[in-house]
Amino acid sequence: SLAFMVDISRGGCRLIIDKNDIEGVFNVMTGDAVNIQSLPELFGGQNLRATIANAVQRDNKAVLGAAFAADDMETEKMIGRFISRLSDIIRQQKGA
């Protein structure tokens, strides 16, 4: 399913899914293991392993909190680099 990552930290992320784009029943529950595929520009096209920490469904949207796998050091490094790049961009914008 296509999801939009609207929040990210070293420990996890928040995903929003438009259920209108899903065929059949959307069935994700707390504790489910997921693989998050990202754009190559973000994390090199690698999957991010995570576990659903919470799931709320409202109207046609599902909001999922996902905790990244704690033992995946490569993912942690990629996310750290991504967050550092975002911080640099924000700092540059504030200084402009």
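Our structure is the block above this text.
So, here is what we can say about the structure in this document. All values reported here derive from a predicted model rather than from experimental measurement. (Residues numbered from 1 in each chain as written. Predicted model: local features only at pLDDT ≥ 70, side-chain atom pairs only at ≥ 80, totals over all residues. Heavy atoms only, no water.)

## A few points about the overall build of the protein
Stage number 1. A tally of helices and strands in the protein yields two helices and five strands.
Stage number 2. N-terminal to C-terminal, the α/β element order of the protein is β-β-β-α-β-β-α.
Stage number 3. With the principal axes as the frame, the protein shows a C-alpha extent of 45 × 35 × 20 Å.
Stage number 4. A sequence separation of at least 24 residues applies to 48% of the contacts in the protein between residues at least 6 apart.
Stage number 5. The distance from the centre of the 11 positive side-chain charges to the centre of the 12 negative ones in the protein is 7 Å. (Helix = DSSP H or I, 4+ residues; strand = E, 2+ residues; numbered from the N terminus. Contact = heavy atoms within 4.5 Å. Lys, Arg positive; Asp, Glu negative; His and termini not counted. Charge placed at Lys NZ, Arg CZ, Asp CG, Glu CD.)

## Observations regarding helix 2 (residues 73–95)
Stage number 1. For helix 2, built from 23 residues, the straight-helix expectation of 33 Å at 1.5 Å per residue is met to within 8% by its first-to-last C-alpha distance of 33 Å.
Stage number 2. Packed against the buried residues of helix 2 are strand 1 (3–8), helix 1 (40–43), strand 4 (47–58) and strand 5 (61–68). (Expected span 1.5 Å × (residues − 1).)

## Section: unusual backbone geometry
Stage number 1. Look at Asp59: it is not a glycine, yet its phi comes out positive at around 50°.
Stage number 2. Along the chain, Asp59 falls in the loop between strand 4 and strand 5.

## So, the layout of surface pockets
Stage number 1. If you add up the space inside the largest pocket, you get close to 490 Å³.
Stage number 2. Along the walls of the largest pocket sit 23 residues, with Ala3, Phe4, Leu15, Ile36 and Gln37 positioned nearest its centre.
Stage number 3. When residues of the lining of the largest pocket are traced back to their parent elements, those giving at least two are strand 1, strand 2 (12–18), strand 3 (33–37) and helix 1.
Stage number 4. Top contributing element to the lining of the largest pocket by residue count: strand 1, with six residues. (1 Å grid on protein atoms, 1.4 Å probe; cavity = no way out; pocket = protein on both sides within 12 Å on 5 of 7 lines; lining within 4 Å. Points joined across faces, edges and corners; volume = space filled by probe spheres on them.)

## Thoughts on the nonpolar core
Stage number 1. Counting 19 residues, the largest nonpolar core has Ile8, Cys13, Phe26, Ile36, Phe43, Leu64 and Phe68 as its most contacted members.
Stage number 2. At the level of secondary structure, the elements contributing two or more residues to this core comprise strand 2, strand 4, strand 5 and helix 2.
Stage number 3. At four residues, strand 5 tops the list of elements feeding residues into this core.
Stage number 4. In this view, Ile8 contacts Cys13, Phe43, Phe68, Ile79, Phe82 and Ile83; residues no more than four positions away in its chain are not counted. (Core = buried A, V, L, I, M, F, W, Y, C linked by side-chain atoms within 4.5 Å. Buried < 20%, exposed > 50% of the residue type's maximum accessible area, 1.4 Å probe, protein only.)

## Quick word on the pairing of strand 4
Stage number 1. Inspection of the sheet shows strand 3 paired to strand 4 by five bridges, in the antiparallel sense. Residue pairing in the sheet places Ala33 in a bridge with Thr51 of strand 4.
Stage number 2. Following strand 4, the chain reverses through two residues before pairing antiparallel with strand 5; Asp59 in that reversal takes a positive phi of roughly 50°. (Pairing = 2+ DSSP bridges.)

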